[in-house]
Each structure stands twice: as C-alpha cells, then as structure tokens.
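Okay, here's what each chain looks like letter by letter:
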Amino acid sequence: MPPTQKPRLSLAARLLTGITIATALVSCSSGPVGKESPVLHIGAIPDQNPEKLNRLYSSLSAELSDQLKVPVEYVPVSNYPAAVTAFRTGSLDLVWFGGLTGVQARLQTPGAKVLAQRDIDAKFTSVFIANGASGLRPFSTGDQLTNLKGRRLSFGSESSTSGRLMPQYFMSQNGVSTDELAGGAPGFSGSHDATIAVVQSGAYEVGALNEQVWTSNVEDGRVDPNKVSVIWRTPPYVDYHWVARPDLDERFGNGFTNKVQTALLAITADTPRGETILELFGAAEFIPAQNSDYDKIEAVGRQLGKIR
C-alpha cells in the first residue's frame with residue numbers, strides 16, 4: 001500500500017501563512033503593537049473654586065500638549081496634602097504648588113525641580129480681612145496685629161503658604177500666637193475663596209488669604225465692601241511655582257524637563273488661549289525659578305512646625 005500523502009496547501013493558503021509569520025516576526029522585533037505615548041499628568045493645589053481650576057487647567061493642558069507634542073491631562077486633587085502625595089507617588093508629573101507645599105513635595109521627592117513661577121510670585125503678599133461688625137479698622141503697622149488677640153480668625157488650608165504659613169509667621173513676629181485667638185486656635189476654611197465667604201458672613205471676624213485671590217474676587221463683584229475689607233497687607237515673600245518630577249527625561253526623552261520649562265515660559269497673551277491662561281493665573285507671564293528661591297519658605301515652615 002502506498003504511504004499516506006499529506007494534503008498540499010493551496011497557493012493562497014501558503015501566501016496567507018507567509019504573511020502571518022512575517023507579521024508576527026515584525027511584531028516581535030518592534031515591540032507591542034499600538035503602544036500609546038506616555039501621558040504628562042499635571043495637577044495643582046485646590047486653592048480656589050473647582051470650576052475656575054478646571055477651566056484654567058483644561059486650557060493649560062491643551063497648550064502644553066500642543067507645545068510638547070505629548071498627551072497632557074489635568075488631574076484634580078481633593079486637598080493640599082493630596083497634591084504632595086500624588087507628586088511623590090508619581091500620579092502627578094508636574095504640579096502647581098504653593099511655596100510650602102512645593103518645599104514639602106521636593107523634600108519627599110529627591111531630585112524634583114522647580115521650573116517657573118508667575119511674575120507676581122517673586123514678591124507675593126497676603127491680606128488680613130475683617131468683617132465690618134468686628135470693629136477692627138486698618139492697621140498702619142505690623143505691631144497692631146496684637147489687636148487680633150481674642151478674635152475669631154480663619155486661615156485657608158492648613159498647608160497654604162499665603163493663607164496660613166506666612167500670615168501666621170508675621171503674626172508671630174509681631175507678638176501674636178495662634179493660641180491667643182478666640183477658642184485657643186484658628187479656623188481653617190479650606191481655600192482662599194472660602195475664607196472670604198466665612199468672614200463676609202460673620203462666621204469669623206478675621207481671615208487671612210492671598211492678595212491676588214482677594215483682588216480677583218473684588219473685581220468680579222463677589223465681595224461686599226460694606227461687610228468685609230482689608231485691614232493689613234503683609235510684607236512680600238516668594239510663593240507659587242511649578243515643580244517637575246525627577247524622572248520626566250527618563251519617561252519622555254532626554255531634555256524633556258527643559259522643554260516643559262521652555263513651554264511654560266513661552267505662554268504669552270499674544271494668543272487667545274495664552275491670554276486666557278495668564279488671565280486665570282492672574283499674571284502677565286511665567287518667569288524662571290529654582291529650588292533655592294524657596295529656602296526662606298522652608299526655614300519658616302520648620303520654625304512653625306509644618307516641615308520636620
């Protein structure tokens with residue numbers, strides 16, 4: 001009996017088999033098919049109302065994506081410490097921090113780099129505001145902060161530079177301890193906008209917040225001058241800034257961190273989107289900044305027990 005013959009493949013079948021093998025070989029040699037580009041996740045401390053923050057960072061994400069040629073996604077966080085944690089764990093790559101939270105983030109993430117600040121951040125100020133029914137009137141000198149003893153005072157977030165750290169520092173420099181306030185401690189509203197609200201409502205007699213947010217609220221008509229007004233402005237200090245994680249070049253390519261800095265500095269009011277971004281940031285431009293600019297903030301943070 002003749003040996004069993006194996007069926008012969010048709011020409012079409014052999015061609016199809018060859019194409020399949022070739023495709024497999026190409027796939028093996030070139031890596032996973034359809035691998036997506038890494039996403040640059042940006043975030044910010046939630047110092048103002050979420051609606052404004054979403055509008056601001058959606059515009060900024062689009063601008064950075066166009067300039068950097070990578071996907072950029074804004075990831076909101078619930079509070080100031082959450083921004084620091086997300087940066088440390090790598091959930092956020094680039095974050096808009098206040099002075100104190102930026103220092104905390106860099107101490108927890110060795111190698112992190114300050115890239116830029118707004119033009120107004122090099123000499124930033126806070127204001128103390130008071131409800132009209134408190135009887136407090138504007139102070140001409142810092143030593144008049146002693147009039148705050150026994151008053152109901154609210155800061156913003158516990159980790160806010162302009163809404164807590166520096167106002168408390170200037171109070172301590174002028175002989176006022178927080179345990180001398182009504183109830184033996186300050187209140188914490190959670191954000192600058194909320195501080196205005198609780199003082200204007202009379203829930204607190206006095207509040208401290210960043211002057212840029214105060215001015216913005218006044219200009220937008222959200223402050224009743226018959227109910228609340230500024231009683232003192234702090235001396236200037238350095239505040240908000242962009243901080244980048246140390247692994248951006250590894251993930252996105254050599255020189256990427258510098259490209260991010262360049263992209264931020266290149267935002268101008270000459271384009272509609274750039275104008276919107278800078279207007280929402282309350283600034284004319286971003287300027288270069290570096291880690292050492294925040295040494296004084298770190299020193300004050302350690303002095304007041306916010307950095308250990």
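(A) Layout of the sheet that holds strand β9 (residues 228-233). Read across the open sheet, the five strands follow the order β7-β6-β8-β5-β9; overall the sheet is mixed. Sheet topology places β7 (187-188) and β9 at the edges, where each strand pairs with a single neighbour. Direction of pairing for strand β5 (residues 126-131) relative to β9: antiparallel, over a ladder of five bridges. By the bridge assignment for β9, F128 is matched with W232. Along the sheet, helix α7 (residues 211-219) contacts β5, β8 (206-210) and β9; its crossing angle with β8, the most-contacted strand, is approximately 100°.

(B) The arrangement of the layout of surface pockets in detail. Estimates place the volume of the largest pocket at around 330 Å³. Taken together, 13 residues make up the lining of the largest pocket; nearest its centre are K52, S216, D220, E279 and L280. Among the secondary structure elements, those contributing two or more residues to the lining of the largest pocket are α2 (50-68), α7 and α10 (272-281). Looking at the lining of the largest pocket, the element that brings in the most residues is α7, giving four residues. Residue composition of the lining of the largest pocket, by class: one nonpolar, five polar and seven charged.

(C) Geometry of the side chain of T161. Structurally, the position occupied by T161 is in helix α5 (residues 161-173). Reaching out from T161, the side chain makes a polar contact with the backbone nitrogen of G99 at a distance of 3.0 Å. Among residues more than four places away in sequence, those in contact with T161 are G98, G99, L100, M166, P167, Y237, D239 and I297.

(D) Up close: helix α11 (residues 295-303). Looking at α11, one finds that the buried residues are I297, V300 and G301. The arc that holds the buried residues of α11, viewed along the axis, is 105°, so those residues lie on one side. On the buried face of α11, the contacting elements are α4 (99-108) and α5. Immediately downstream of α11, the backbone of G305 shows phi near 80°, a positive value.

(E) Molecular detail of the nonpolar core. Counting 74 residues, the largest nonpolar core has Y57, F128 and W242 as its most contacted members. Examining the composition of this core, we find that six residues originate from one element, α2, more than from any other. With nine residues, the next largest nonpolar core counts V127, L209, V213 and W214 among its residues.

Conventions we followed
- Residues numbered from 1 in each chain as written.
- Predicted model: local features only at pLDDT ≥ 70, side-chain atom pairs only at ≥ 80, totals over all residues.
- Heavy atoms only, no water.
- Pairing = 2+ DSSP bridges.
- Helix = DSSP H or I, 4+ residues; strand = E, 2+ residues; numbered from the N terminus.
- Contact = heavy atoms within 4.5 Å.
- Axes fitted to C-alpha atoms, helices over the stretch in contact; angles between N-to-C directions.
- 1 Å grid on protein atoms, 1.4 Å probe; cavity = no way out; pocket = protein on both sides within 12 Å on 5 of 7 lines; lining within 4 Å.
- Points joined across faces, edges and corners; volume = space filled by probe spheres on them.
- Nonpolar A, V, L, I, M, F, W, Y, C, P; charged D, E, K, R; others polar.
- Polar contact = N/O pair within 3.5 Å; in protein donor to acceptor, adjacent residues only side chain to side chain.
- Buried < 20%, exposed > 50% of the residue type's maximum accessible area, 1.4 Å probe, protein only.
- Arc of directions from axis to C-beta.
- Core = buried A, V, L, I, M, F, W, Y, C linked by side-chain atoms within 4.5 Å.

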